[in-house]
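In case you want the letters, here they are:
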Amino acid sequence: MLSLFKINRKSFILSVYFLVAFLLTSVTFTNVKADTKLFNEAKFHVETMMEDIQFLLDVGKTDADQGRILLTKLLDKYFDSLQIAKFSSMPAWRKATPIEKEEFITLFEIYLVNLAAKRFDEFKDVEYIISKIEKRGSKMLLVDGHIKAPGNKRDNTQVVWRLFLNEENKMRIIDIEIAKISMIVAQNDEFTSIIRNNKGKFSSLIDVLKKELYN
Amino acid sequence: MQFSLLKKILILLSLVLFSSCSLNNTNNLSNAWDPIEPVNRAVFSFNMFVDTYTLEPIAKAYNYVMPEFATNALSNHFDWIKTPLSALNSLLQGKGDEAFDSITNFSINILTLGFYDLSGNKGIKFAEDFDQTLGVYKIGTGPYIMIPFLGPSTFRGMAGTILDGLVDPLNLLGTERVVRLNSTELPIKAVNTRAEYMEQINDLKYNSLDAYAVFRSVYFQKLQSDTNDVLSNDNDTDLNSGAVDAFFIQNQ
């Protein structure tokens, strides 16, 4: 076969090596380029969100209702409440009926807005400095940084944002780690405990949320 | 005296043995093992009652009266007083550089008794204890236990506290002085810490659906990250992330 094209064996092997090396370099280069794009996207996502939070806190100071509307929009734009709801209630989520899931998501979104309204105060009048961005798996990114607020107790507090590429390939936040405490892990522990203490019924979590939100 | 020491060592050994033999039968993300949850919940309710009617109002008044620099100075002092113990534990955990930095900071700040940081290393505080050291040597936490008035701990945590008390270099001052020092400082430290973390503690206490579960989660996450800083050699972004990553990837 090789003699047919008048190529000797040595040249053939060398050509194959070059081809493989070229392909590998191209793949690596493409991956690096894709990663850089993702990193920039993640950085932009967090930075613009921090600006929006400052604006939201300013508005909220004078007009609480308008602040709440903005907060709902902000959560929709930057966070993936469906994923957060799902991960917060695992493993019970898997056993929940479609109606229960739907009801839970609706309640959880309201609960999340209430929670965010209280927790975003952490970022009042502070600067967030990004120190590094890491990729975890194919869909997850960690934006690591700290709060800069000289003279404030919160100065130097480490804050990590966990971002996730959702099904529509949009980047959304699914977790915040403040001083190495993951909010979603704490949320999951809380929900799991509620379900476990109510004979494993997913509906008990819905009842507790309803009681919290409407009573 | 000798009997008391022997008793302490026996308690310590049994706690360590129990912790190391225990299977971590956990069913939550923060790996908390809570076999006596009903008892712990009762003690937690009692502690919250005490907090609501004594510690929290005192801490609020304290925050109102004390200027922030004074609160910070006291916090610095309480950190400073534990620095020799922290240095010893850093050494046992194989963190030689950290031990050296701790001793240097301690020596420089003797001049101010730690109330003001002269070392220029603001923000660099090491708080290593025997609980973490035992964790570094792969001894399990053992069951979670809520102690009346003192708050959350584990069997390993209790063993660590006893060890800390036994080997604290401050003991060189003499037992009587150390007891007097601790009994004076403990209430002030409790109020100062409660005042310092007022927003965070109140957020967990009043904004949770199940405050007990959230406090337990935060306790174990903190414990895990404090221990993991030695076990993971690289400069990982966040130390609990291994478990969290696995959780997300598995559930995708």
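About the cut-offs
- Residues numbered from 1 in each chain as written.
- Chains lettered and ligands numbered in written order.
- Predicted model: local features only at pLDDT ≥ 70, side-chain atom pairs only at ≥ 80, totals over all residues.
- Helix = DSSP H or I, 4+ residues; strand = E, 2+ residues; numbered from the N terminus.
- Rg over C-alpha atoms; globule rule 2.2 N^0.38 Å.
- Buried ≥ 20, exposed ≤ 12 C-beta atoms within 10 Å, placed from the backbone.
- pLDDT = per-residue confidence, 0-100.
- Expected span 1.5 Å × (residues − 1).
- Arc of directions from axis to C-beta.
- Contact = placed C-beta atoms within 7 Å.
- Axes fitted to C-alpha atoms, helices over the stretch in contact; angles between N-to-C directions.
- Parallel < 35°, antiparallel > 145°, perpendicular 65-115°, else oblique.
- Nonpolar A, V, L, I, M, F, W, Y, C, P; charged D, E, K, R; others polar.
- Core = buried A, V, L, I, M, F, W, Y, C linked by C-beta atoms within 7 Å.
- Pairing = 2+ DSSP bridges.

(A) The overall build of chain A, seen in detail. The secondary structure content of chain A amounts to seven helices and five strands. Expected size for 215 residues packed as a compact globule is a radius of gyration near 17 Å; at 24 Å, chain A overshoots this value by more than 25%. Seen along its three principal axes, the alpha-carbon backbone of chain A occupies a region of about 85 × 50 × 30 Å. Expressed as a percentage of the 215 residues in chain A, the buried residues total 27%.

(B) View of the confidence of the model for chain A. Mean pLDDT over chain A stands at 85; residues scoring 70 or higher make up 92%. The element-level mean pLDDT for chain A is lowest in helix H1 (residues 9-62) of chain A, coming to 81, with helix H6 (residues 183-196) of chain A highest at 93.

(C) Focus on helix H5 (residues 96-108) of chain B. Residue and element names in this part refer to chain B. Between the first and last C-alpha of H5 there are 18 Å, a value that for 13 residues agrees with the 18 Å anticipated at 1.5 Å per step. Of the residues making up H5, those classed as buried are Glu 98, Ala 99, Ser 102 and Asn 105. End-on view of H5: buried residues confined to an arc of 130°, all on one side of the axis. Away from its buried face, by an angle of more than 90 degrees, H5 presents the exposed residues Gly 96, Asp 97 and Ser 107.

(D) Seen up close, the environment of B:Lys205. All names here are of chain B. Within the fold, Lys 205 resides in helix H9 (residues 198-207). On the neighbour-count criterion, Lys 205 (15 C-beta atoms within 10 Å) is partly exposed. Here the alpha-carbon distance between Lys 205 and Met 48, two residues 157 residues apart in the chain, equals 8.3 Å. When near neighbours in sequence (up to four residues on either side) are disregarded, Lys 205 contacts Met 48 and Ala 211.

(E) Geometry of the packing of helix H2 (residues 37-65) of chain B against helix H8 (residues 175-196) of chain B. All names here are of chain B. Where H2 contacts H8, the axes come no closer than 8 Å and their chain directions differ by 75°. Viewed along their axes, H2 and H8 adopt a mutual orientation that is roughly perpendicular. Touching Leu 55, Glu 56, Ile 58, Ala 59, Tyr 62 and Asn 63 of H2 are Ala 190, Val 191, Arg 194 and Ala 195, all from H8. Residue composition of the contact of H2 with H8, grouped by class: seven nonpolar, one polar and two charged.

(F) Quick peek at the nonpolar core. A:Ile84, A:Leu141, A:Val143, A:Leu163 and A:Leu205 are the most contacted members of the largest nonpolar core, which totals 49 residues. By residue number, the principal contributor to this core is helix H10 (residues 211-231) of chain B, which donates eight residues. Beyond its immediate stretch of four places on either side in the chain, A:Leu205 contacts A:Ser89, A:Phe104, A:Phe191, A:Ile194 and A:Ile195.

(G) Region of interest: the pairing of strand E2 (residues 151-154) of chain B. All names here are of chain B. Summarising the sheet, strand E1 (residues 144-147) and E2 pair through four bridges and their orientation is antiparallel. Each bridged residue has a counterpart across the sheet, and for Tyr 144 the counterpart in E2 is Thr 154. If you look at the hairpin formed by E1 and E2, you'll find three residues sitting between the two strands, and Phe 149 has a positive phi there, around 70°.

(H) Examining unusual backbone geometry more closely. Look at the link from A:Met90 to A:Pro91: it is a cis peptide, with omega at 0°. Of note, A:Pro91 is situated in the loop between helix H3 (81-88) and helix H4 (92-95). Phi is positive for A:Lys199, which is not a glycine, with a value near 55°. Looking at A:Lys199, the number of C-beta atoms within 10 Å reads 7, which means it is exposed. At B:Leu113, a residue that is not glycine, the phi angle is positive and equals roughly 55°. Position of B:Leu113 among the secondary structure elements: in the loop between H5 and helix H6 (130-136). Take B:Leu113: there are 12 C-beta atoms within 10 Å of it, and that puts it in the exposed class.

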